[in-house]
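In case you want the letters, here they are:
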Amino acid sequence: MNFIKFLFPFLISLALIVGLDQKWGQVPPLGKFLDPYSGFWANSENRDIGFEENPYINGLQDSVKIYYDSILVPHIYANNDHDLYMAQGYITAQNRLWQMEFQTHAAGGRISEIIGKDGLDFDRYQRRNGLLYGAEKAVKMMEEDPTIGPILEAYTEGVNEYIASLSYQDLPIEYKLLDYKPEKWTTLKSGLLLKYMANDLAGGDSDAENTQLLKMLGKERFDFLFPDRYENVDPVIPKSREWDFEAETVERPDSIEFPLVFPDNKAPQPDPQNGSNNWTVHGSKTSTGKPILANDPHLALNLPSIWYVMHLNSPSVNVFGATLPGALGVIIGFNDYVSWGVTNATRDVRDWYHITFKDKEKKEYFYNGKWLKTQKIIQEFKIRGDENFYDTIYYTHHGPIVYDEDFRPGNSKTNFALRWTAHDPSNEQLTFHLLNRAKNYNDYEKALTYYDCPAQNFAYADVHGDIALWVNGKFPLRWEEQGKFIMDGSRADMDWAGFIPREHNAYMKNPEQGYLSSANQIPVDSTYPYYHYDRGYEHYRNRRINKKLETLQNITVEDMMRLQNDNYSLLASEILPSILDSLDRNNMTEPEKTAFAALSNWNFMADQDAVAPTYFEILWDDLYRNLWDEFYGLENAVRRPELPITIEILKGNPDEKFIDNQKTDTKESITDLYQMSFKSAVDSIENWKSANQKELNWSNFKNTTVQHLARLSAFSTENIRIGGNRHIINATSGRHGPSWRMIVSMEQPIKAYGVYPGGQSGNPGSYYYDNLIESWSNGEYYELENKSNASDLNNIIFTQTLTPEAK
């Protein structure tokens, strides 16, 4: 981002912050902040790299060379693993320090320390939700691991060596703007970063909403509107898979009564749009005869980007890919032998229990006919510009009490404990450490045995010709419908019976069809012998991907690039013709005729310059809301039916009582809903055109924005020209989308390509802060080089040497 480009908006933002002193607590000392030598001007780099060429690093065993390519990807060459990971910590902090610390402050419930009391409710939920609780257990396990412990400590030392080198002038601009300083990095912060991702991907549930709906609708209607699976599913693991093992059994209680109580005021949950695509294609379907793997995780579009791309090389490893700033190694990537990519496995691993305490002191709770003791932990919250706050959290054998009379008004009658796999000790870093070094399928399979949460679909391809996909994680062993509703915490038969054996997790290797894919859809068909559930599966991206992969032959990398950027709306293709056929064309206004013509001639491609996707988006949203109006505006938030049941009712169930719009005096038919929604959509578009000085097209209307983590508009990029949408392979909506696109062809030598919506630098004053966004939006890719020898690298623009500090 050019520095002058954001200077004036930035000063406006600064003025607003000064004006909103009550919101942010404090503003930076303006003289210091505006100092031309050490203030925010010092963060102006433009195309300058701005790194020290030969820093001395205390604790290194040998020199480390870093070669930066044309998009500022660091290629790190170290002579041992200790130095490799110490350098990874140093280099990551050099580019992304503020992001690393801000995200771990968020995970640890410490945002109030930065912005004041307005962050307290968020912080209290983070602590009660158990991110710190889980991170402490995970870090203990990682530190005790003989492989991960030493290199995690080396990574931590590397981060701290960079922090120690900073003066005020060198601080990332966010520290200057918000007037605070970085603190020492710890291994706990790395654990918090992993739990931050676990919460983002596996921190949602619908137990309370389901319980409210069960009370509101009754069991029969609930099951109809919210089925566990739909017809014509296309699961992650193909239906041809036979389960050749004897499954563990879990006894369903003879009598099941779910307590029809629920929190009245739940905290916000992660965005349900967090998802991804991945697929792996066998060499029998490719032009080279070798597998191709593709992955694009769909997350919030943020700056700095959630990913930091690196190449790590030592005598034990040569790996390239996307890293998480604050965590060891490569998370999604490839080495000289294998490639892998992940999508969210879409499995419910959070259960809620209604707890009965003996008295108001909460020292004991009732369980299995006895009174058991609770553990009480008092959490301290430091609040900027205010007195410290103390929150008492009680723990049961299920987990922490998240909601009670002391947290979020309206929960005075109930106490709810959370059981979540993210609370358990785990060592996901070992999985990625082993994947980074894997040479074959057996290595990949072994690496996955250490992975617990958040559950992921791990796609795999190697140079030997193997492809595979595992639905992998630590999954509770449940009886049918266990965990779907809030459960009675006093009953032992409501507890998890254990976990599905790791070897019984669903997977497939080298399928006859020649490809495997996942897009957050249901993992398996009904023949899988274990109960599985989630609040919502994808139903469109997966079917489009599989249809394309089924028909493509002699597949090339370019074919995979086109598929990742595919804008076809399967949802629109399945419902729009029925809508258009039902509309009254005799009495249309001119704007309605224009809209009808655009929709009638649409090829269902949600391309950036197309007009029809805009009409369809509003039409579908209005239609959905008109059909399910009874689910809006309730005192307690509830789920609303998913798209498959919505379309099933609209196309085949004209007598469904929800078709009648409760806001009108007449009884509506499906045709009436179509007509009403069409007219409303056209009116909305006409209003939009009057209010906006822009051409009407899908990109302008959608306004895809890559937003700064602290919601600073001056450091964000708005109105990106790109197509796609939710439920489309190119799942780019207004604030979500492909956060990293990667394609790897396992031919020799391996060819790999990638791009993401951001840049390598975390400094908004740097050209490399957002320089990849345009390429990403245009569907362009950069070649990814993981050369074993640094002399073979191309397009190197800067070299940095980390040297051991003389003793």
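Residues numbered from 1 in each chain as written. Predicted model: local features only at pLDDT ≥ 70, side-chain atom pairs only at ≥ 80, totals over all residues. Heavy atoms only, no water.

A.B. asks: Would you mind showing me how to read the sheet that holds strand β10 (residues 338-344) here?
C.D. replies: Strand pairing in a sheet takes place through backbone hydrogen bonds and is either antiparallel or parallel in direction. In spatial order, the strands read β1-β29-β2-β3-β7-β8-β9-β10-β18-β19-β21; together these 11 strands make up an open sheet with mixed pairing. What marks the edges here is a single partner per strand, and that holds for β1 (56-57) and β21 (507-509). Examined bridge by bridge, strand β8 (residues 317-323) and strand β9 (residues 332-334) share 3 bridges and lie antiparallel to one another. Directly across from F320, in β9, lies its bridge partner F334. (Pairing = 2+ DSSP bridges. Helix = DSSP H or I, 4+ residues; strand = E, 2+ residues; numbered from the N terminus.)

A.B. asks: I keep staring at the pattern of salt bridges and nothing clicks. Help me out?
C.D. replies: Taken as a whole and judged by the stated rule, the model has 36 salt bridges. The shortest N-O distance in the salt bridge between R241 and D244 comes to 3.8 Å. With relative accessibility at 12%, the residue R241 sits in the buried group. When its relative accessible area of 69% is taken as the criterion, D244 is described as exposed. Taken together, the shared-partner salt bridges in this structure form one network comprising R124, R128, K362, D391, D404 and E405. (Salt bridge = Lys/Arg side-chain N within 4 Å of Asp/Glu carboxyl O. Buried < 20%, exposed > 50% of the residue type's maximum accessible area, 1.4 Å probe, protein only.)

A.B. asks: What is the right way to read the nonpolar core from this model?
C.D. replies: Counting 170 residues, the largest nonpolar core has I76, I237, W307, Y444, M560 and W740 as the members making the most contacts within it. When residues in this core are grouped by element, the largest group, 13 residues, is from helix α4 (residues 81-107). With residues near it in sequence (within four places) discarded, W307 still touches R96, P297, L299, A322, T323, L324, P325, I331, I332, S739, W740 and Y756. By size, the runner-up hydrophobic cluster in this structure holds 69 residues, among which are F226, Y568, L583 and I618. (Core = buried A, V, L, I, M, F, W, Y, C linked by side-chain atoms within 4.5 Å. Contact = heavy atoms within 4.5 Å.)

A.B. asks: Help me understand the packing of helix α18 (residues 590-600) against helix α21 (residues 670-691), please; the structure alone is not making it clear to me.
C.D. replies: How two helices sit against one another is set out by the angle between their axes and by the gap between those axes. Interhelical geometry of α18 versus α21 gives an angle of 105° and a closest axis separation of 10 Å. Here α18 lies roughly perpendicular to α21, going by the angle between them. Two secondary-structure elements touch here, α18 through P591, E592, A595, F596 and L599 and α21 through F678, K679, V682 and E686. Looking at the contact of α18 with α21, its residues break down into 6 nonpolar, no polar and 3 charged. (Axes fitted to C-alpha atoms, helices over the stretch in contact; angles between N-to-C directions. Parallel < 35°, antiparallel > 145°, perpendicular 65-115°, else oblique. Nonpolar A, V, L, I, M, F, W, Y, C, P; charged D, E, K, R; others polar.)

A.B. asks: Before we go on, may I ask you to explain the packing of aromatic side chains in this structure?
C.D. replies: We describe a pair of aromatic rings using the distance from one ring centre to the other and the angle between the two ring planes. In the structure shown here, the tally under the stated rule is 42 aromatic pairs. Taking 5.7 Å as the distance between ring centres and 85° as the angle between the ring planes, the aromatic pair formed by W628 and F631 counts as edge-to-face. On the accessibility criterion, F631 (2% relative accessible area) is buried. Feature note: the residues F222, F226, F485, W628, F631 and F658 constitute an aromatic cluster, connected by ring pairs. (Phe/Tyr/Trp six-rings, centres within 6.5 Å; stacked < 30°, edge-to-face > 60°.)

A.B. asks: How do you make sense of unusual backbone geometry when you look at a structure like this?
C.D. replies: For residues besides glycine, phi is generally negative; the peptide bonds are generally trans as well. With an omega of -10°, the peptide bond between L303 and P304 qualifies as cis. Take P304: it is sitting in the loop between β6 (302-303) and β7 (308-314). Between C453 and the following residue, P454, the backbone shows a cis peptide bond with an omega angle of 0°. For P454, the location among the structural elements is in the loop between α14 (441-448) and β18 (456-462). Its identity is not glycine, yet N232 carries a phi of approximately 55°, on the positive side. Looking at the secondary structure, you find N232 in the loop between α12 (219-225) and β4 (275-281). Phi at N795 takes a positive value of approximately 60°, unusual for a residue other than glycine. The residue N795 is located in the loop between β28 (782-783) and β29 (796-804) in this model.

A.B. asks: I would appreciate a short explanation of α4 in the present structure.
C.D. replies: For an α-helix, the turn length of 3.6 residues means that residues three or four places apart are oriented alike. Between the first and last C-alpha of α4 there are merely 28 Å, a value that for 27 residues lags more than 12% behind the 39 Å anticipated at 1.5 Å per step. Maximum bend of α4: about 95°, positioned at R96. The buried fraction of α4 amounts to 25 of the 27 residues, a majority that puts the element mostly inside the structure. Capping the start of α4, N80 holds a side-chain oxygen 3.2 Å from the backbone nitrogen of H82, two or three residues further along. Just downstream of α4, G109 is the residue with a positive phi angle, here 70°. (Expected span 1.5 Å × (residues − 1). Bend = angle between axes of the 7 residues up to and from the residue. Polar contact = N/O pair within 3.5 Å; in protein donor to acceptor, adjacent residues only side chain to side chain.)

A.B. asks: Just checking my understanding: could you explain the pairing of strand β13 (residues 370-373) for this structure?
C.D. replies: On a regular strand, one side chain projects to one face of the sheet and the next to the other, so that they alternate. Relative to β13, strand β12 (residues 364-367) runs antiparallel, the two sharing 4 bridges. If you follow Y365 over to β13, its bridge partner there is L372. With antiparallel pairing between neighbouring strands as the criterion, β12 and β13 make up a hairpin whose turn holds 2 residues, including N368 at a positive phi of roughly 55°.

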